[in-house]
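Structural overview for review
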Amino acid sequence: MTLGCSADHCSFCGAYKVKPFRVKESREIFGDIDRYARRYPGTRRVFLMDGDALVLSPNKLVPILEKLEQAFPMLSRVSSYANGSNFKRIRDQELAELYRHKLSLIYMGLESGSQLVLDRCGKTSSVLEMIEAVRRAEEARIRSSVIVLLGLGGKRHSAEHVQGTVEALNRMQPRYLSFLSLMVIPGTPLAEEARRGEFAELNSMELLRESYDIVQGLELKRTVFRSDHASNYLPLEGTFPKAKPALLKALKAALDGKLWLRPESARGL
Ligand code: SF4
């Protein structure tokens with residue numbers, strides 16, 4: 001659909017650095033769909049590449065979704081990355097139409113619920129835009145999978161990162177929530193900040209403390225939680241609100257040194 005990421009400014013992000021943002025021509029996209037349909041006719045789920053396919057207008061998206069439905073008769077779900085600014089341009093009835101054509105899951109990189117932390121890392125979508133986007137998506141029955149990046153505030157802004165993230169998630173009430181842990185990628189602006197001593201990374205215990213403090217503040221009514229990403233020291237999973245006590249118990253045990261943590265060498269992005 002699209003190559004690269006239209007936002008492409010986040011200082012910590014190493015994705016798509018070699019792929020300048022471009023929207024593919026419709027005939028190119030239809031060609032891709034036909035090619036895949038010949039090879040994988042039984043496809044049930046499709047993810048719209050790359051960084052934010054929802055940058056496309058609904059007028060362009062709907063014919064593509066119709067093409068997917070026609071090409072893959074067993075199609076049950078279409079998903080995509082999305083950012084808050086995408087949603088500002090999509091009306092509620094257009095969201096309903098996207099849902100009718102099986103776009104039923106979006107991945108939203110909140111990263112942090114603190115606007116100060118997002119401003120420092122150059123994220124173009126604001127916290128309020130992302131809260132509103134998730135609320136409107138859920139209202140249109142499009143589920144949201146929200147991603148939080150532990151450690152993004154560094155040592156200096158860890159408290160704001162935790163407090164802002166708790167507030168944003170409690171307002172969003174996403175269906176899915178994932179924690180990732182910051183790993184500074186060489187060659188990114190954030191790596192340069194760290195080299196200059198302007199950004200101090202959190203260590204494993206500090207990242208676990210952030211995770212504990214965020215989970216403790218969450219009042220989620222129905223959210224599937226995961227921190228099994230390879231960047232995390234402690235893989236956890238559960239569904240809020242029922243799993244909250246067990247998640248806090250596991251994080252406390254890890255903070256007390258009573259639980260195995262993923263070795264540094266086994267962490268990855
Ligand atoms: S919006 Fe996502 S993919 Fe794009 S630069 Fe930021 S973190 Fe990377």
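Higher on the page you've got the structure.
This write-up is about the structure you can find in this document. (Residues numbered from 1 in each chain as written. Predicted model: local features only at pLDDT ≥ 70, side-chain atom pairs only at ≥ 80, totals over all residues. Heavy atoms only, no water.)

1. Thoughts on helix H4 (residues 92–100)
- All of the buried residues along H4 are Glu-94, Leu-95 and Leu-98. Take H4 and look down its axis: the buried residues cluster within an arc of 105°, on one side only. (Buried < 20%, exposed > 50% of the residue type's maximum accessible area, 1.4 Å probe, protein only. Helix = DSSP H or I, 4+ residues; strand = E, 2+ residues; numbered from the N terminus. Arc of directions from axis to C-beta.)

2. Focus on the layout of surface pockets
- Its volume calculated, the largest pocket comes out at about 1,100 Å³.
- Forming the walls of the largest pocket are 38 residues, and the residues nearest its centre are Tyr-81, Gly-109, Glu-111, Ile-147 and Leu-180.
- When contributions to the lining of the largest pocket are tallied by element, the ones reaching two or more residues are strand E4 (77–82), strand E5 (103–111), strand E6 (143–150), strand E7 (176–181) and strand E8 (223–226).
- Looking at side-chain class alone, the lining of the largest pocket contains 22 nonpolar, 11 polar and 5 charged residues.
- Approximately 400 Å³ is the volume found for the second largest pocket.
- Contributing elements (two or more residues each) for the lining of the second largest pocket: strand E1 (2–3), helix H1 (26–39), strand E3 (45–48) and helix H2 (58–71).
- In the lining of the second largest pocket, the residues fall into 13 nonpolar, 2 polar and 4 charged. (1 Å grid on protein atoms, 1.4 Å probe; cavity = no way out; pocket = protein on both sides within 12 Å on 5 of 7 lines; lining within 4 Å. Points joined across faces, edges and corners; volume = space filled by probe spheres on them. Nonpolar A, V, L, I, M, F, W, Y, C, P; charged D, E, K, R; others polar.)

3. Quick notes on the packing of helix H6 (residues 127–139) against helix H7 (residues 158–172)
- At their nearest, the axes of H6 and H7 sit 9 Å apart, and the two run at 25° to each other. Put simply, H6 runs roughly parallel to H7. In terms of crossing hand, the pair formed by H6 and H7 is right-handed. Contact residues: Val-127, Leu-128, Met-130, Ile-131 and Val-134 in H6; Ala-168, Arg-171 and Met-172 in H7.
- Residues of the contact of H6 with H7, tallied by class, amount to 7 nonpolar, no polar and 1 charged. (Axes fitted to C-alpha atoms, helices over the stretch in contact; angles between N-to-C directions. Parallel < 35°, antiparallel > 145°, perpendicular 65-115°, else oblique. Left-handed = near helix turned anticlockwise from the far one by under 90°. Contact = heavy atoms within 4.5 Å.)

Coordinates in, geometry out; function isn't part of it.
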